[in-house]
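Overview (structure and organization)
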Amino acid sequence: MENQTYINGFLLLPFYAKSNYILYTICVFVFLYTYGVLINAIIITVIYVDAQLHTPMYLFLCNLALVDICYTTTTVPNLLYMLLSGDNTVSFIQCFTQMYFYFLAGSSEIYLIFIMAYDRYVAICDPLHYHTILNRKHCLLLASGTWISGCLNSLVLTIPASHLSFCHSRTIHQFFCDPKALINISCAGSEDVYIVIYMELLMYGILPIMFCVTSYVKIIKVILQIKSKDGRKKAFSTCSSHLTIVIMFYMTVMSVYMTPTAEYSNVLEPIFTVLYSVVTPMMNPSIYSLRNKDVKSALLRLLGRAILTAV
């Protein structure tokens, strides 16, 4: 950090910097953030209150909803502050604190998607041993391990990024402190960050995707062997929701971190980042939970009790 002592902070330059529609942008992000937090909070409440949903799948789903709240909270409130105040500067400490919590949520989300794929694999391919393999102890270890690994992995990402040197520019073409955007304006120290990013690509990109693809190939084979049409439909329904989340998340993440720097990357990268860090967490509960009959039934029971209590 010896070359960075003269830098008081960074200037964030998001995609809206040249837009004349700041009020509309504020309204869109207020809606996305409010809806995302509200719907995920409802999912957490329903799963916590309803004893019938105290199963491994819904435990992981509850953690996913919590991660999605954290995901958007690390970026959107600060973005709204910049839009309303016009102050786009962040201090060095604020920048890397935001980066740490952002990647904590991101790492935890990837692990949870990975675990939920394993949950569906065991439920469909080895149903007789489901409650033995995913018993209460194992589920709690997996859930807590997700958060602990997320904390550690975020440190691995944030520490090398904090040692980057910035000689000429301190303008970040993103709406939050993103390591790729920081590398683009750094003049030294990017080698260590690239090594970490390549390791992350293997551990959090290639391996989880390969596992998910392998799992779903086996799951589809088992489903196709089910003689009952309703049984096949129910199995496909639970898997399709998770598969949709996997595709949405990884496609948008890869569009940011695996595409080379191009002429319009300063415009496209923030847009793709919004998709996986704001829009996807908002849509996850709609895709995974509100299409689920058990969750909808539990929600109706909770509303019924609330109405009876109020009366």
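Relevant structure appears above.
Residues numbered from 1 in each chain as written. Predicted model: local features only at pLDDT ≥ 70, side-chain atom pairs only at ≥ 80, totals over all residues. Heavy atoms only, no water.

Some details on the packing of helix H2 (residues 56–73) against helix H4 (residues 92–125)
Closest axis-to-axis distance for the H2/H4 pair is 9 Å, and the angle between their directions is 160°. The angle between the axes of H2 and H4 places the two elements in the roughly antiparallel class. Of the two possible hands of crossing, H2 and H4 adopt the one that is left-handed. Residues Pro56, Met57, Phe60, Leu61, Asn63, Leu64, Val67, Asp68, Cys70 and Tyr71 of H2 form the contact with H4, whose own contacting residues are Tyr102, Ala105, Gly106, Ser108, Glu109, Leu112, Ile115, Met116, Asp119 and Arg120. Partitioned by chemical class, the residues of the contact of H2 with H4 number 13 nonpolar, three polar and four charged. (Axes fitted to C-alpha atoms, helices over the stretch in contact; angles between N-to-C directions. Helix = DSSP H or I, 4+ residues; strand = E, 2+ residues; numbered from the N terminus. Parallel < 35°, antiparallel > 145°, perpendicular 65-115°, else oblique. Left-handed = near helix turned anticlockwise from the far one by under 90°. Contact = heavy atoms within 4.5 Å. Nonpolar A, V, L, I, M, F, W, Y, C, P; charged D, E, K, R; others polar.)

Concerning the pattern of salt bridges
If you walk through the whole model with that rule in mind, you get two salt bridges. Residue Arg301 pairs with Asp50 through a salt bridge whose shortest N-O separation is 2.7 Å. With Arg301 in helix H11 (residues 293–310) and Asp50 in the loop between helix H1 (22–49) and H2, this pair connects stretches of sequence that are 251 residues apart. The shortest N-O distance in the salt bridge between Asp119 and Arg120 comes to 2.8 Å. Its relative accessible area of 1% is what places Asp119 among the buried residues. (Salt bridge = Lys/Arg side-chain N within 4 Å of Asp/Glu carboxyl O. Buried < 20%, exposed > 50% of the residue type's maximum accessible area, 1.4 Å probe, protein only.)

Describing the side chain of Thr158
With respect to the secondary-structure elements, Thr158 resides in helix H6 (residues 136–162). The class for Thr158 is buried, based on a relative accessible area of 8%. In contact with Thr158, not counting residues within four places along its chain, are Phe96, Met99 and Tyr100.

Re the sheet that holds strand E2 (residues 89–91)
Judged by pairing direction, the sheet is mixed, and its three strands sit side by side in the order E2-E1-E3 without closing on themselves. Every interior strand has two partners, whereas the edge strands, E2 and strand E3 (171–172), have only one. The sheet contact formed by strand E1 (residues 9–12) and E2 spans three bridges and is antiparallel. Within E2, the position partnered with Phe10 by the bridge is Val90. H4 contacts E1, E2 and E3 of the sheet and is inclined by roughly 85° relative to E2. (Pairing = 2+ DSSP bridges.)

Details of H6
Taking 1.5 Å of rise per residue, the 27 residues of H6 would be expected to cover 39 Å, and the 39 Å separating its terminal C-alpha atoms lies within 8% of that figure. Restricting attention to buried positions, one finds in H6 the residues Cys139, Ala143, Thr146, Ser149, Gly150, Asn153, Ser154, Leu157, Thr158, Pro160, Ala161 and Ser162. Here the buried face of H6 lies against H2, H4 and helix H8 (190–224). One side-chain oxygen of the residue at the start of H6 lies 3.2 Å from the amide nitrogen of Lys137, identifying that residue as Asn135. (Expected span 1.5 Å × (residues − 1). Polar contact = N/O pair within 3.5 Å; in protein donor to acceptor, adjacent residues only side chain to side chain.)

Details of the packing of aromatic side chains
Under the counting rule described, the total for this entry stands at eleven aromatic pairs. Centre to centre, the rings of Phe10 and Phe166 are 5.1 Å apart; their planes meet at 80°, and the pair counts as edge-to-face. Within this pair, whereas Phe10 is found in strand E1, its partner Phe166 is found in the loop between H6 and E3, the two being separated by 156 residues in sequence. Pair check on accessibility: Phe10 and Phe166 agree, each one buried. On the basis of an interplanar angle of 20° and a centroid distance of 5.9 Å, the ring pair of Phe31 and Tyr35 is categorised as stacked. Taken as a pair, Phe31 and Tyr35 lie in helix H1 at a separation of four residues, close to a single helical turn. What makes Phe31 exposed here is its relative accessible area of 51%. For Tyr35, a relative accessible area of 29% gives the class partly exposed. (Phe/Tyr/Trp six-rings, centres within 6.5 Å; stacked < 30°, edge-to-face > 60°.)

These values are about where atoms sit, not about what they do.
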